[in-house]
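What the coordinates show
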Amino acid sequence: MDYSHVRDVDPAVADALEGEVDRQRETLAMIASENHVSEAVLEAQSSVLTNKYAEGYPGERYYGGCEFADEVEQLAIDRAKELWGAEHVNVQPHSGSQANMGVYLGMLDPGDTILSLDLTHGGHLSHGHPANFAGQVYDVEQYEVDPDTGTIDYEAVEEQAREVDPDIVISGYSAYTRDVDWERMGEIAEAVDAYHLADIAHITGLVAAGVHSSPVEHADFVTGSTHKTIRAGRGGIIMCREEYADDVDQAVIPGMQGGPLLHNIAGKAVGFEEALRPEFEEYARQTVDNATALGESLRENGLSLISGGTDNHLVLVDLRESHPDTTGKDVEEALEDVDIDADENTVPGETRSAFNPSGIRAGTPALTTRGFDEEAAREVGDLIHRTVDNVGDEDAKAEVADRVAKLCEAHPLYEDLPSR
Ligand SMILES: *Cc1c(COP(=O)(O)O)cnc(C)c1O
């Protein structure tokens, strides 16, 4: 694949595209929600399906000429059912946030109550933050993690649920390092006669591969992004019990979207096919092993982790004790100087602010795609710790940047794509 046609028409965009290929090759992508899709997914996403209108669902479209659109979307649906074991699947949401919107719109009325985890404790904007439509349309009550353990206190959630009587209880998070007791969350929702939505945006791939517990049996709805730990390209997915299938499908189209992004759905189909292969289970397992090794290396170097470690693909560093004068933003910027992309993050019981928090979130999905093993993950832990210790020291950072460059070279990426 090259960008020769783009280059002919628009050299400025071709330059940016090639620059981004180089940037990804030369950077350790440790933003926990990012990954690198295969060239097969890239090709599918850039197909002529971008031209096709196919409002409706396979076999029941409002437009003609949908036979290949139907084939592709049905493949994506069937593979998703096989991957996650869901009764009903909708692959049309344009992103994970739209997937949540589809569930709310299908099942709630304006003014209904959502019970979800607070954003600064690891929740997501689309779970009812005031800046998000969900926070504007619905009543939102939020639970928090236990500040001492960094984990969910299910008894406290249950007590709160009985108090606020929500219409929907949301589990599944953006910055949470431990397994979730989906069954317990389902029981809590049931006890107050609320729906249970499990948002597995971050861990879709880990759940599909069986290296993380699955909420599918314990939730009425399971939503996700298709570009995080599952490498199926940017998009969203809704899974639900059969009894809610029509409500969800109607909410997605005509409720909130028009034509599906069929080129992205083709990417989802190809990415799901890859995820059904045995190599993917190995990938998912290695992703978790690498996060564990990364966490161990950070701890051995004196950094504290929220919850003390991880069960999944990410670690949350709490800088407050080890580096009281260094903020998450300082570290994020210093890491960017050494070509490591990770993000600042709030910590439970945050004492700074959401804009300059006390933590760092780092994940291993993208590094694992590049072939990193535990030894390489430990080296990355060492490099992160050196950067945290030396945020303003240009010589120390130059040394780290050199080692990052060597790690990138040893784990090549997108060898068939052009360089700037
Ligand atoms: C990433 C994420 C989403 C969806 O994000 P999009 O960018 O809209 O795909 C939803 N919920 C959680 C918990 C997430 O982490």
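Residues numbered from 1 in each chain as written. Predicted model: local features only at pLDDT ≥ 70, side-chain atom pairs only at ≥ 80, totals over all residues. Heavy atoms only, no water.

**Digging into the overall build of the protein**
In terms of regular secondary structure, the protein is built from 16 helices and 15 strands. Dimensions of the protein along its principal axes, counting C-alpha atoms only, are 60 × 60 × 35 Å. By the burial criterion, 56% of the 420 residues in the protein qualify as buried. For the protein, long-range pairs separated by at least 24 residues make up 73% of all intrachain contacts whose partners lie at least 6 apart in sequence. As displayed, the protein has an accessible area near 17600 Å², and 44% of this comes from carbon and sulfur atoms. Placing the 29 positive and 85 negative side-chain charges of the protein at their respective mean positions leaves the two points 5 Å apart. (Helix = DSSP H or I, 4+ residues; strand = E, 2+ residues; numbered from the N terminus. Buried < 20%, exposed > 50% of the residue type's maximum accessible area, 1.4 Å probe, protein only. Contact = heavy atoms within 4.5 Å. Areas by Shrake-Rupley, 256 points an atom, 1.4 Å probe, with all protein chains shown as cover. Lys, Arg positive; Asp, Glu negative; His and termini not counted. Charge placed at Lys NZ, Arg CZ, Asp CG, Glu CD.)

**A closer look at the pattern of salt bridges**
Following the criterion strictly, the structure yields 25 salt bridges and no others. Glu-281 is the salt-bridge partner of Arg-285, the closest N and O atoms lying 3.0 Å from each other. Of this pair, Arg-285 and Glu-281 both sit in helix 12 (residues 278-300), 4 residues apart, roughly one helical turn. The partly exposed category is assigned to Arg-285, whose relative accessible area is 41%. Taken together, the shared-partner salt bridges connect Glu-379, Asp-382, Arg-386 and Arg-403 into one network. (Salt bridge = Lys/Arg side-chain N within 4 Å of Asp/Glu carboxyl O.)

**Overview of the nonpolar core**
Note that soluble globular proteins tend to have their nonpolar side chains buried in a common cluster. Formed by 56 residues in total, the largest nonpolar core has its most connected members in Trp-84, Met-185 and Phe-272. Every element with two or more residues in this core is listed here: helix 4 (67-84), strand 5 (113-117), helix 7 (154-164), helix 8 (182-191), helix 9 (204-208), strand 10 (236-240), helix 11 (262-275) and helix 12. Looking at which element gives the most residues to this core, the answer is helix 4, with 7 residues. Discounting chain neighbours no more than four positions away, the residues touching Met-185 are Tyr-143, Tyr-154, Val-157, Val-169, Ile-170, Ser-171, Tyr-173, Val-180 and His-196. (Core = buried A, V, L, I, M, F, W, Y, C linked by side-chain atoms within 4.5 Å.)

**Remarks on unusual backbone geometry**
The residue after Ile-253, namely Pro-254, is reached through a cis peptide bond having omega 10°. One non-glycine residue with positive phi stands out, namely Asp-193, at about 60°. You can call Asp-193 exposed: its relative accessible area is 70%. Even without being glycine, Ser-307 reaches a positive phi, approximately 70°.

**Digging into the UniProt feature "binding site: (6S)-5,6,7,8-tetrahydrofolate" (unreviewed entry) in the protein**
In the numbering used here, UniProt assigns the feature "binding site: (6S)-5,6,7,8-tetrahydrofolate" (unreviewed entry) to Leu-119, Gly-123, His-124, Leu-125, Glu-242, Ser-353, Ala-354 and Phe-355. Taken together, the annotated residues stretch across 237 residues and extend over separate regions, lying up to 42.4 Å apart by C-alpha. Looking at where His-124 falls in the secondary structure, it is placed in the loop between strand 5 and helix 6 (133-137). Relative accessible area serves as the criterion here: at 24%, His-124 is assigned to the partly exposed category. Not counting chain neighbours up to four residues away, the residues in contact with His-124 comprise Ser-97, Leu-119 and Ser-174. At 2.7 Å, the side chain of His-124 and the side chain of Ser-126 are in polar contact. With relative accessibility at 40%, the residue Leu-125 sits in the partly exposed group. When residues no more than four places from it in sequence are discounted, the contact partners of Leu-125 are Leu-119 and Asn-132. (UniProt positions renumbered as here; feature names shortened; annotations may be inferred. Polar contact = N/O pair within 3.5 Å; in protein donor to acceptor, adjacent residues only side chain to side chain.)

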